[in-house]
Amino acid sequence: MKMIRSPQRLQKILEKGRLRKKTVGFVPTMGALHEGHLSLVRSADRENDITVVSIFVNPSQFGPHEDYMKYPRVLGADKRLLQKCKVDYLFCPSVPAIYPQDHATCVAVGTELARVLCGKFRPGHFQGVATVVAKLLNIVGPNRLYLGAKDYQQAAVIRRLVNDLNMNVRVRVMPTVREKDGLAMSSRNRFLNAEERRRALALSHALFELRRSLLKKKGTLASLKAQTVRKLKKTVDRVQYFEIVDPVTLAPLKKAKGKMVVLTACFVGKTRLIDNVIISLP
Ligand code: AMP
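These notes cover the structure that comes with them. (Residues numbered from 1 in each chain as written. Predicted model: local features only at pLDDT ≥ 70, side-chain atom pairs only at ≥ 80, totals over all residues. Heavy atoms only, no water.)

### Concerning the site of the ligand
Move 1: Around the ligand lies a shell of 17 residues, among which Met-30, His-37, Asp-151, Val-177 and Met-185 are the nearest.
Move 2: Within the side chain of His-37, an N or O atom sits 2.9 Å from an oxygen atom of the ligand.
Move 3: In this structure, an oxygen atom belonging to the ligand sits 2.7 Å away from a side-chain N or O atom of Asp-151.
Move 4: With the chains in place, 93% of the 490 Å² that the ligand exposes on its own is no longer accessible.
Move 5: If you list the elements that add at least two residues to the shell around the ligand, you get strand S2 (24-29), helix H2 (35-47) and strand S5 (144-148). (Near = heavy atom within 4 Å. Polar contact = N/O pair within 3.5 Å; in protein donor to acceptor, adjacent residues only side chain to side chain. Areas by Shrake-Rupley, 256 points an atom, 1.4 Å probe, with all protein chains shown as cover. Helix = DSSP H or I, 4+ residues; strand = E, 2+ residues; numbered from the N terminus.)

Have a look at this one:
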């Protein structure tokens, strides 16, 4: 695995690979890697000749009062994990390499998709995500881009970005990897103390329970949602949102339909956690 810091250098190397008709799989991350990230890396390895992973804590996707400064940065441990997978290039640019002082362009996905759910509570977040992903895709030029369903809304926004800007890349969204007890793996889980870690389980439990009830057709969406949120509130410190939405538009649903996604964001202590489940009714 070669570690590269310069965008121009990586661009040059990958251009050569493309000329030799090699396919490139790309996994963008913010580091503090776990099995969720590694599952994406393994898929990229399986499906491409060259695998590129980036680690970049993107300042433009954090709000002024969010955890940019304290976001975990553990490059040594990340490198060791990636060395066990078959990664060809690890791209770790500095902030000024991605955002030089005269950087003046950003990408906004101007649709409801980016304004609801996380978009409502993290203004500017998806603009920061879309901007950095557009830049990374221009640097790497991959055939396939690997994203996790854990960040369902982010994947939907990036799909839209790729379609709207005619980017020649296939978006592959892979399933959420969970701890044995159901907690969705997340770099932010390392902020949780033992007591918070136990309470954090309430998110996945609420989502799984709601899925079971919906599959058994036990009650209306509104009543099931109210009942689940009431229970969730007893364990977590704040439920920021809990919504049952259309999987494509992310618009809230009033009535159950064949395919639905339930998404939630909750605070446990000071840590904001997100999770979701996709529901397919028979
Ligand atoms: P992050 O480092 O949090 O920006 O995540 C980088 C990529 O890994 C994103 O596409 C995430 O959706 C994905 N990811 C994060 N956690 C998980 C997980 N538990 N399972 C699958 N993919 C994940």
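Picking up after the structure, the text goes on.
### Observations regarding a positive patch on the surface
Move 1: On the surface, Lys-2, Arg-9, Lys-12, Lys-16, Arg-20 and Lys-22 cluster together into a positively charged patch.
Move 2: For the positive patch, the leading source of residues is helix H1 (residues 7-19), giving 3 residues.
Move 3: Inspection of the secondary structure assignment puts Arg-9 in helix H1. (Patch = residues over 30% accessible without salt bridge, like charges linked within 9 Å, V, L, I, M, F, W, Y side chains within 5 Å. Salt bridge = Lys/Arg side-chain N within 4 Å of Asp/Glu carboxyl O. Lys, Arg positive; Asp, Glu negative; His and termini not counted. Charge placed at Lys NZ, Arg CZ, Asp CG, Glu CD.)

### Focus on the environment of Ala-130
Move 1: You can see Ala-130 is positioned in helix H7 (residues 125-140).
Move 2: Note on Ala-130: relative accessible area 0%, which makes it buried.
Move 3: It is 6.7 Å that separates the C-alpha atoms of Ala-130 and Ala-108, two residues lying 22 residues apart in sequence.
Move 4: For Ala-130, the contacting residues outside a window of four places in its chain are Val-107, Val-109 and Leu-161. (Buried < 20%, exposed > 50% of the residue type's maximum accessible area, 1.4 Å probe, protein only. Contact = heavy atoms within 4.5 Å.)

### Details of the packing of aromatic side chains
Remark: the centre distance and the inter-plane angle together describe each pair of aromatic rings, the angle taken between the planes.
Move 1: The full count for this structure, using the stated rule, is 4 aromatic pairs.
Move 2: Summarising the aromatic geometry, the rings of Phe-56 and Tyr-99 are spaced 6.3 Å apart at their centres and angled 40 degrees between planes, so their arrangement reads as tilted. Taken as a pair, Phe-56 in the loop between strand S3 (50-55) and helix H3 (75-83) and Tyr-99 in the loop between helix H4 (95-98) and helix H5 (112-115) lie far apart in primary sequence, 43 residues in all.
Move 3: Between Phe-121 and Tyr-241 the ring centres are 6.1 Å apart and the planes differ by 20 degrees, which places this aromatic pair in the stacked class. Taken as a pair, Phe-121 in helix H6 (residues 118-121) and Tyr-241 in strand S7 (residues 238-245) lie far apart in primary sequence, 120 residues in all.
Move 4: Classification of Tyr-241 as buried rests on a relative accessible area of 6%. (Phe/Tyr/Trp six-rings, centres within 6.5 Å; stacked < 30°, edge-to-face > 60°.)

### So, the packing of H7 against helix H8 (residues 152-164)
The geometry of a pair of packed helices is captured by two quantities: the angle between their axes and the separation between those axes.
Move 1: For the pair H7 and H8, the least separation of the axes is 10 Å and the interaxial angle reads 55 degrees. Overall, the two elements H7 and H8 adopt an arrangement that is oblique. For the pair H7 and H8, the sense of crossing is right-handed. Mapping the contact onto sequence places Phe-126, Val-129, Ala-130, Val-133, Ala-134 and Leu-137 in H7 and Gln-153, Gln-154, Val-157, Ile-158, Leu-161 and Val-162 in H8.
Move 2: Residue composition of the contact of H7 with H8, by class: 10 nonpolar, 2 polar and no charged. (Axes fitted to C-alpha atoms, helices over the stretch in contact; angles between N-to-C directions. Parallel < 35°, antiparallel > 145°, perpendicular 65-115°, else oblique. Left-handed = near helix turned anticlockwise from the far one by under 90°. Nonpolar A, V, L, I, M, F, W, Y, C, P; charged D, E, K, R; others polar.)

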